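# Summary of the model geometry
So you can see what is in the structure, the chains are spelled out below.
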Amino acid sequence: MLLLQRIKRRDPSKERSINSSFSMSNSSSFLSILFLFLFLHATGVTASNRAGDLHVSTLKLQRIQRYLDKITKPAIRSIQSPDGDTIDCVPQHKQPALNHPLLKNHKIQRVAPKMPTFRGERKPRNYTDSGRHAWQTWHHVGHCPKGAVPIRRSSVQDVLRAKSLFHYGKKQVKSVPLARNVDAPDVVSGNGHEHAIAYSGSGQEVYGAKATINVWDPSVQVENEFSLSQVWILSGSFNGSDLNSIEAGWQVSPELYGDSRPRLFTYWTSDAYQATGCYNLLCEGFIQTNSKIAIGAAISPTSEFTGSQYDITILIWKDPKLGNWWLSFGENMLVGYWPAELFTHLSDHATMVEWGGEVVNMRANGAHTSTQMGSGHFAGDGFGKASYFRNLEIVDLDNSLTAVQSISTLAENTNCYNIQNFQNQNWGTYFYYGGPGFNNLCR
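Residues numbered from 1 in each chain as written. Predicted model: local features only at pLDDT ≥ 70, side-chain atom pairs only at ≥ 80, totals over all residues. Heavy atoms only, no water.

### Remarks on the overall build of the chain
The criterion, for reference: Starting at the N terminus, helices and strands are each numbered in turn, a helix being any DSSP run of H or I of at least four residues and a strand any DSSP run of E of at least two. The contact criterion used throughout is that any non-hydrogen atoms of two residues lie within 4.5 Å. Methods summary: accessible areas were calculated by the Shrake-Rupley approach with a probe of 1.4 Å, and residue burial reflects only the protein chains presented.
Helix and strand counts for the chain come out as four helices and 23 strands. Restricting the contact set of the chain to residue pairs at least 6 apart, pairs at least 24 apart contribute 74%. Counting every atom, the chain has about 18500 Å² of accessible surface; 50% of that belongs to carbon and sulfur.

### A look at the pairing of strand β8 (residues 148–152)
Threshold: Three labels apply to residues, based on accessible area from a 1.4 Å probe with only protein chains included: buried if under 20% of the type maximum, exposed if over 50%, partly exposed otherwise in between. When DSSP finds at least two bridges between two strands, those strands are taken to pair.
Of all five residues making up β8, five are buried, and the element is well covered by its neighbours. The alternating pattern of β8 places Ala148, Pro150 and Arg152 and Val149 and Ile151 on opposite faces, both of which are buried. Relative to β8, strand β5 (residues 86–91) runs antiparallel, the two sharing five bridges. Its bridge partner lying in β8, proline 91 is registered against alanine 148.

### So, the sheet that holds strand β11 (residues 227–235)
Strand pairing in a sheet is mediated by backbone hydrogen bonds. Such pairs are either parallel or antiparallel. The line we're drawing: Lines fitted to C-alpha atoms define the axes here, with helix axes fitted over just the stretch in contact, and angles between the N-to-C directions of these axes take values from 0 to 180 degrees.
The antiparallel open sheet is built from six strands, whose spatial order is β13-β12-β11-β18-β9-β21. Looking at strand neighbours, the two that pair on one side only are β13 (263–269) and β21 (408–411), the edges of this open sheet. When strand polarity is set aside, the average angle formed by the axes of neighbouring strands in this sheet is 20°. Two elements, β11 and strand β18 (residues 352–360), share eight bridges in a ladder whose sense is antiparallel. Its bridge partner being in β18, isoleucine 233 is matched across the sheet by valine 353.

### Section: the side chain of arginine 161
Which entries qualify depends on this criterion: Two N or O atoms form a polar contact when they lie within 3.5 Å of each other; inside protein one atom must be a possible hydrogen donor and the other a possible acceptor, and for residues adjacent in sequence the pair counts only when both atoms belong to side chains.
Position of arginine 161 relative to the elements: it lies in the loop between α3 (156–160) and β9 (193–199). In terms of polar contacts, arginine 161 uses its side chain to reach the side chain of aspartate 158, at 2.4 Å. What arginine 161 contacts, discounting residues up to four positions off in sequence, is Glu223, Pro254, Glu255, Leu256, Tyr257 and Gly258.

### Regarding helix α2 (residues 58–71)
One turn of an α-helix holds 3.6 residues; hence residues three or four places apart share an orientation. For the record, the criterion: Here, expected helix span is obtained from the residue count minus one, scaled by 1.5 Å. The arc under discussion is defined with respect to the helix axis, by the directions toward the C-beta atoms.
A rise of 1.5 Å per residue sets the reference length of α2, with its 14 residues, at 20 Å; its end C-alpha atoms lie 20 Å apart and thus fit the reference within 8%. Looking at α2, one finds that the buried residues are Leu61, Ile64, Gln65, Tyr67, Leu68 and Ile71. Each buried residue of α2 lies within a common arc of 160° when the element is viewed along its axis, so the set occupies one face.

### Digging into the packing of aromatic side chains
Selection rule: For Phe, Tyr and Trp, where Trp contributes only its six-membered ring, two rings pair if their centres lie within 6.5 Å, and the inter-plane angle classes them as stacked under 30 degrees, edge-to-face over 60, or tilted in between. The criterion is that NZ of a Lys, or CZ of an Arg, lies within 6 Å of the ring centre and within 35 degrees of the ring normal, and then a charge sits over that ring.
Evaluated as defined, the whole model comprises 19 aromatic pairs. Taken together, a centroid distance of 5.9 Å and an interplanar angle of 90° make the contact between tyrosine 67 and tyrosine 168 edge-to-face. You can see tyrosine 67 sitting in helix α2 and its partner tyrosine 168 sitting in the loop between α3 and β9, a full 101 residues away along the chain. The exposure classification of tyrosine 67 matches that of tyrosine 168, with both residues buried. The interplanar angle of 65° and the centroid separation of 5.3 Å between the aromatic rings of phenylalanine 389 and tyrosine 433 together place this pair among those described as edge-to-face. With phenylalanine 389 in strand β19 (residues 387–395) and tyrosine 433 in strand β23 (residues 428–434), this pair connects stretches of sequence that are 44 residues apart. Three or more aromatic residues joined by ring pairs form one cluster here, namely Phe383, Tyr388, Phe422, Trp427, Tyr430 and Tyr432. Over the ring of phenylalanine 166 we find lysine 170, and its NZ or CZ is 5.7 Å from the ring centre. In this structure, lysine 171 is placed above the aromatic ring of tyrosine 267, and the distance from its NZ or CZ to the ring centre is 5.6 Å.

### Quick notes on the state of the cysteines
Applicable threshold: When the sulfur atoms of two cysteines come within 2.5 Å, that pair is taken as a disulfide.
Following the criterion strictly, the structure yields three disulfides and no others. Two residues share a disulfide in this structure: cysteine 278 and cysteine 283, whose sulfurs sit 2.2 Å from each other. Of note, the bridge from cysteine 278 to cysteine 283 carries an S-S torsion of about -90° and is left-handed in sense. Taken individually, cysteine 278 and cysteine 283 each receive the classification buried, so the pair is uniform in this respect. The partner cysteine of cysteine 416 in its disulfide is cysteine 442, sulfur to sulfur 2.0 Å. A torsion of 100° about the S-S bond marks the disulfide between cysteine 416 and cysteine 442 as right-handed. Remark: cysteine 442 occurs in the segment after β23 and cysteine 416 occurs in the loop between β21 and β22 (418–424); sequence separation between them is 26 residues. When the bonded cysteines of the chain are counted from the start of the sequence, the pairing works out to 1-2, 3-4, 5-6.

In structure tokens:
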């Protein structure tokens with residue numbers, strides 16, 4: 001099954017499998033907290049906030065540990081990835097999503113939904129060499145058994161990097177006026193978030209979207225910034241508090257993951273990022289059904305400047321029978337779904353799709369960030385140098401995929417990050433996007 005495709009030259013890597021086991025600690029909560037407290041103080045770990053560095057209090061550690069106990073479920077196997085991640089293989093029926101209050105009576109959808117099929121005279125030809133493909137990094141040392149789902153384990157250090165426990169795993173939103181065009185809304189614009197995106201027309205009924213994105217490892221200037229490339233499925237009010245959004249793609253986020261590796265991620269919200277939803281599986285909501293894909297795990301290898309290009313395919317669509325929104329990664333590999341019960345407007349359909357890149361610009365040194373978007377090169381540099389989205393497609397009411405015929409594009413500051421769109425027979429509707437951030441024209 002194809003997860004991540006390579007274009008042009010190939011350098012296949014060998015994999016080895018190691019089975020490892022994991023048993024949950026039987027220590028008391030008091031001893032767990034005491035150990036964490038002594039360990040963190042002995043190693044000089046501090047919690048960072050806007051006022052400065054404060055030593056971690058026992059009370060804060062207790063709150064963090066209660067949260068981690070809630071989202072860390074007993075595993076039948078744990079896998080130590082070469083990149084430092086621990087992947088827990090959790091029985092599917094014990095995954096955190098099912099603790100959501102709206103899902104008390106939810107039964108996991110066992111029957112796979114019907115995949116959308118392409119409708120049109122001729123599907124654009126995908127000339128990617130599909131003879132070679134790569135897995136996520138953790139696959140080099142093991143896999144989860146059937147009936148279990150892989151979950152990246154969160155640590156105390158992961159939570160401490162966040163502004164607070166409440167903010168861990170959530171997009172940061174400030175109450176500021178929107179800076180983006182009303183026809184291309186995104187509620188986190190104007191508070192340091194910058195974009196280079198393509199979008200469909202507003203007001204239409206949309207039941208999903210698909211795109212193929214090449215993967216890079218952009219540099220991120222400071223820990224609380226990020227760089228991502230994703231698909232947004234949107235519905236609701238774009239200037240209120242009821243926006244529904246489903247998102248998936250790849251991102252580099254040192255604050256969230258503790259490193260600068262590109263990782264597969266998901267996000268959802270039903271209230272414009274205010275209180276509901278989160279990244280990946282860091283709160284209840286997304287139900288995983290796949291035993292091979294770990295959301296939040298690193299993707300490798302990545303694209304090389306003027307060299308081999310690696311890309312992933314993301315498809316999000318609504319199951320016409322049960323109404324759940326499914327995620328497919330690679331060539332038709334079902335990862336899981338967002339239950340219809342989580343949403344208000346998206347319980348019916350989406351009204352807009354966005355594709356593209358987003359970065360956070362904190363202006364840490366009083367100047368524009370040097371955090372890169374995509375490859376860190378502008379759209380005009382083209383194939384092998386700039387990042388791309390290709391084969392943009394929309395899912396219709398009858399569960400058909402159709403090639404997007406026209407898109408609009410937007411970038412808040414084209415001297416920092418930009419976008420250029422095109423069409424051809426191979427890639428259908430596609431675009432290059434990205435940029436370096438800080439430069440002589442971007443300050």
